[in-house]
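# Chains, contacts and geometry: an overview
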Amino acid sequence: MNVGEALARALRRHGVTEAFGQSLPSAFFLAAADRGIRQISYRTENAGGAMADGYARASNRVTVVGAQNGPAATLLVPPFAEALKASVPVVGFVQDVAGSGRDRNAFQELDHFELFRGCVKWIRQLTDPARVDDYVDMAITAATSGRPGPAVLLLPKDVLVAEVPPGSSRRSAVLGHFPLDRTRPDAAAVRKAAGLLAAARSPLVVAGGGIHISDASQALSELQQAACLPVATTTMGKGSVSELHPLSVGVIGSFMGPTSPGGHLRGLVRSADVVLLAGTRTNENGTDAWRLLPEDATYISIDIDGSEVNRNYDAVRLTGDARLALEDLREELGGRDLTRRLASAGALTATIASGRERYAADARALLTSERSPLRPERVMAELDRLLPDNAITVADASYSTIWMASHLRARRAGQRFISPRGLAGLGWGLPLALGAKAARPDAPVVCIAGDGGFGHVWAELETAVRERLAITIIVLNNSILGFQKHAELYNFGAHTSAIGFQPVDHAAIARAVGAAGLRIEDAADIGPALEKALASESVTLLDVMTDPDAYPPITAWADSEDVLLQREGR
């Protein structure tokens with residue numbers, strides 16, 4: 001047995017059934033196929049890294065992405081940086097030059113330690129063929145324990161084909177799931193937090209992506225119901241609870257403008273006297289640049305990473321696994337006097353219902369618009385009507401994420417809405433969706449992308465067809481970089497020359513690689529096209545011609561329509 005074969009054997013022990021990569025490290029991928037590990041080959045490494053990320057988010061299982069040394073390895077930096085910030089465990093197997101060529105300017109030699117140091121949790125080089133299992137277990141443990149994130153194992157090509165000494169395999173642990181270790185928060189801190197919530201006049205829960213990482217949606221929903229707690233989510237936390245529940249506030253943060261579901265619930269958020277932060281980094285977008293959450297509230301923070309607990313808000317520290325922390329809180333609250341909480345139920349649900357009704361009135365014209373080019377809100381309304389609750393919806397960065405978060409509803413706790421919010425780089429929507437489909441082949445997967453972001457990765461359409469990853473892709477085609485144009489107009493009164501594109505027929509590109517492609521220009525065609533795409537067993541792309549003047553409900557741009565048009569000279 002050589003090292004490549006031993007690597008494949010170790011991954012199978014950890015339950016790994018898919019690995020993303022082109023040819024290299026060849027010794028590993030050839031052996032992986034023999035071990036029943038499916039190789040999903042990408043067109044570019046940056047997309048391959050994002051596919052592995054999407055796979056992990058959709059399955060709560062670790063997977064592997066492989067790459068060659070040098071230029072291929074450099075393309076893994078962006079997806080690893082996203083995974084690090086978004087707390088997603090991905091393991092990279094990166095081939096390195098042979099030991100005999102090290103530090104001699106061997107072909108594509110690069111210092112991979114320095115390359116990856118700022119974007120992964122752990123990086124090592126395997127040099128001893130007898131220690132394959134040791135290093136695979138270390139990599140997976142680093143990726144899945146504590147706050148999850150990416151890990152890289154460097155594999156010199158001479159080591160990959162070296163013989164593994166007999167008797168070297170002595171490990172039996174299965175580590176490929178996450179969270180790997182669930183740790184409870186301090187019991188005294190739980191008691192203090194429960195007391196604050198029970199006595200609160202106007203408490204609020206803000207749930208982030210850590211709820212999904214911890215598989216804590218059910219625990220959060222039970223706490224919401226038992227203690228009559230309104231729950232808001234960040235974009236990454238969307239789907240932590242059902243957004244149809246009368247105590248669900250929806251997504252909050254930097255897009256709570258008048259035509260957003262949360263636009264009329266800003267007062268509820270601002271009036272909170274006790275705020276429970278559950279698995280959220282309290283980052284800029286999730287807090288509307290740290291202006292949304294009340295300054296005088298008392299904070300409680302649940303996070304597996306103690307360094308995040310007091311980063312932006314002084315808080316009662318519930319450092320530990322989110323699911324266990326929420327279960328402990330519910331149990332502790334079960335022994336408390338919740339009279340005050342239960343008495344507030346009627347007024348609280350009425351406030352939330354009123355906010356939803358006002359949103360429906362404000363947004364009705366957009367959600368039902370027959371205009372052409374099409375309004376993205378109308379496209380989202382049709383998709384929301386048709387999406388089953390087992391669907392996984394993935395959005396690219398920028399406006400696509402905001403359209404998804406604002407106008408699609410989570411119909412059950414645990415429903416997944418995935419977007420690249422770690423660093424929010426354009427182009428990640430399609431590969432994230434392909435990874436999610438590889439992880440959950442029985443679930444409908446829909447990708448929403450603008451034409452700007454889709455242009456980064458449209459070669460992966462061929463990947464989708466070749467690998468039989470039957471997803472539905474909605475390209476919101478307005479021939480501009482919308483967010484960039486509108487931000488420049490709003491902030492500078494002018495925009496750069498980089499925001500406009502030549503007209504592109506994305507449906508024709510889809511057909512050219514064997515996918516179904518349809519151009520949508522009439523509002524009446526959206527619903528039927530979506531119905532057919534969602535029922536199809538083939539990759540389908542809908543090229544939807546959308547209004548270049550449409551912008552999402554970004555809070556800071558509440559007066560945007562007049563301002564933007566005026567500043568563009570119209």
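This text gives an overview of the structure that appears in the document. (Residues numbered from 1 in each chain as written. Predicted model: local features only at pLDDT ≥ 70, side-chain atom pairs only at ≥ 80, totals over all residues. Heavy atoms only, no water.)

On a plain count of helices and strands, the protein comes out with 25 helices and 18 strands. Seen through its principal axes, the protein has C-alpha atoms that stretch 70 × 60 × 45 Å. Out of the 570 residues in the protein, the part that is buried amounts to 59%. Nonlocal contacts in the protein, meaning residues at least 24 apart in sequence, comprise 76% of its contacts between residues at least 6 apart. In the form shown here, the protein has an accessible surface area of approximately 21300 Å², with 50% of it arising from carbon and sulfur atoms. (Helix = DSSP H or I, 4+ residues; strand = E, 2+ residues; numbered from the N terminus. Buried < 20%, exposed > 50% of the residue type's maximum accessible area, 1.4 Å probe, protein only. Contact = heavy atoms within 4.5 Å. Areas by Shrake-Rupley, 256 points an atom, 1.4 Å probe, with all protein chains shown as cover.)

For the rest of this paragraph, the subject is the nonpolar core. Formed by 58 residues in total, the largest nonpolar core has its most connected members in F20, F80, F116 and I473. Residues contacting F80, with those up to four places away along its chain left out, are V65, V90, G92, F116, C119, V120, P150 and V152. (Core = buried A, V, L, I, M, F, W, Y, C linked by side-chain atoms within 4.5 Å.)

Turning our attention to the side chain of T282. Residue placement: T282 occurs in the loop between β10 (274-278) and β11 (298-303). The contacts of T282, once residues within four sequence positions are left out, are L277, T287, W290, N312 and Y313.

Attention now moves to the packing of aromatic side chains. For any pair of aromatic rings, geometry is given as the distance between the ring centres together with the angle between the planes. Taken as a whole and assessed by the stated rule, the structure comprises nine aromatic pairs. Summarising the aromatic geometry, the rings of Y399 and W403 are spaced 6.3 Å apart at their centres and angled 75° between planes, so their arrangement reads as edge-to-face. Of the two residues, Y399 and W403 both sit in helix α18 (residues 399-407), four residues apart, roughly one turn of that helix. We classify Y399 as buried; its relative accessible area is 7%. Among the aromatic residues, those joined into a cluster by ring pairs are Y399, W403, F483, Y490 and W557. Taking the ring centre of F417 as reference, the NZ or CZ of K238 above it sits at 5.0 Å. (Phe/Tyr/Trp six-rings, centres within 6.5 Å; stacked < 30°, edge-to-face > 60°. Lys NZ or Arg CZ within 6 Å of the ring centre and 35° of its normal.)

Moving on: the pattern of salt bridges. Under the counting rule described, the total for this entry stands at 38 salt bridges. Across the pair D321 and R182 runs a salt bridge, and its minimum N-O distance is 2.8 Å. On the criterion of sequence distance, the pair formed by D321 in the loop between β12 (315-319) and α14 (322-334) and R182 in the loop between α8 (157-160) and α9 (187-199) is long-range, its members being 139 residues apart. The exposure class assigned to D321 is buried, which follows from its relative accessible area of 3%. Among the ionic pairs, R184 bridges to D328, the shortest N-O distance being 3.0 Å. One end of the pair, R184, is in the loop between α8 and α9; the other, D328, is in helix α14, with 144 residues separating them in the sequence. Via salt bridges that share partners, R9, R13, R131, D133, D134, D137, R170 and R171 belong to a single interconnected network. (Salt bridge = Lys/Arg side-chain N within 4 Å of Asp/Glu carboxyl O.)

The contact between helix α11 (residues 217-226) and α14 brings their axes to 9 Å, and the two run at 25°. On the basis of the axis angle, α11 is roughly parallel to α14. Between α11 and α14 lies a crossing of left-handed hand. Here A219, L220, E222, L223 and A226 of α11 come into contact with α14, specifically with R323, L326, E327, L329, R330 and L333. Looking at side-chain class alone, the contact of α11 with α14 contains seven nonpolar, no polar and four charged residues. (Axes fitted to C-alpha atoms, helices over the stretch in contact; angles between N-to-C directions. Parallel < 35°, antiparallel > 145°, perpendicular 65-115°, else oblique. Left-handed = near helix turned anticlockwise from the far one by under 90°. Nonpolar A, V, L, I, M, F, W, Y, C, P; charged D, E, K, R; others polar.)

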